[in-house]
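Here is how the chains run, residue by residue.
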Amino acid sequence: MFMFSVIAIIYGFNKNWLKTEIDIDTMSKLAAFNIFISFFTATSFIIVVLNESVAKEKRIKKMLKEKEVLLAEIFHHVKK
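Owing to the predicted nature of the structure, the values given are computational and were not obtained by experimental measurement.

Let us look at the overall build of the chain. Regarding its fold elements, the chain presents 3 helices and 0 strands. Listed by position from the N terminus, the elements making up the chain come as α-α-α. Across the 80 residues of the chain, 6% fall into the buried class. Total accessible area on the chain stands at roughly 7600 Å², and carbon and sulfur atoms take up 72% of it.

Right, dumping it as structure tokens:
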């Protein structure tokens with residue numbers, strides 16, 4: 001996903017492309033394309049960040065559960 005955005009940006013900054021004259025119709029198509037690429041990149045970033053945070057939350061809950069089990073075992077042995 002990220003690579004697609006990079007290719008689109010590089011294509012947009014092509015020197016030969018900047019030298020050509022752009023009519024209004026092409027300009028509106030480019031604006032729509034840029035909006036699409038921006039939306040696609042932002043959506044991809046949000047998905048990646050959410051997936052990472054969910055994975056971290058699961059790891060933290062698993063570690064907490066392990067600590068609770070160890071604490072319960074220690075409490076049980078100390079009680080006896």
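Additional details are given in the paragraphs that follow.
An ideal rise of 1.5 Å per residue puts 82 Å on 56 residues; helix H3 (residues 24–79) measures up with 82 Å between its terminal C-alpha atoms. For H3, the complete set of buried residues consists of Leu30, Ile37 and Ser44.

Moving on, we come to a nonpolar patch on the surface. Among the surface-exposed residues, Phe45, Ile46, Val49 and Leu50 lie close enough to one another that they form a single nonpolar patch of about 390 Å² accessible area. In this structure, Ile46 sits in helix H3. By relative accessible area, Ile46 is classed as partly exposed at 47%.

Applying the stated criterion across every chain yields a total of 1 aromatic pair. When the ring of Phe36 is compared with that of Phe40, the centres are 6.2 Å apart and the planes differ by 25°; the resulting orientation is stacked. One end of the pair, Phe36, and the other, Phe40, are both in helix H3, 4 residues apart, so they sit about a helical turn from each other. The class for Phe36 is partly exposed, based on a relative accessible area of 46%.

When you line up the elements, Thr43 lands in helix H3. Of the polar contacts made by the side chain of Thr43, one reaches the backbone oxygen of Phe39; its length is 2.7 Å.

Below, the discussion takes up the confidence of the model for the chain. Across the chain, pLDDT averages 82, with 74% of residues at or above 70. Confidence, expressed as mean pLDDT per element, reaches its minimum in the chain at helix H2 (residues 15–19) with 57 and its maximum at H3 with 90.

Scoring rules and cut-offs
- Residues numbered from 1 in each chain as written.
- Predicted model: local features only at pLDDT ≥ 70, side-chain atom pairs only at ≥ 80, totals over all residues.
- Heavy atoms only, no water.
- Helix = DSSP H or I, 4+ residues; strand = E, 2+ residues; numbered from the N terminus.
- Buried < 20%, exposed > 50% of the residue type's maximum accessible area, 1.4 Å probe, protein only.
- Areas by Shrake-Rupley, 256 points an atom, 1.4 Å probe, with all protein chains shown as cover.
- Expected span 1.5 Å × (residues − 1).
- Patch = residues over 30% accessible without salt bridge, like charges linked within 9 Å, V, L, I, M, F, W, Y side chains within 5 Å.
- Salt bridge = Lys/Arg side-chain N within 4 Å of Asp/Glu carboxyl O.
- Phe/Tyr/Trp six-rings, centres within 6.5 Å; stacked < 30°, edge-to-face > 60°.
- Polar contact = N/O pair within 3.5 Å; in protein donor to acceptor, adjacent residues only side chain to side chain.
- pLDDT = per-residue confidence, 0-100.

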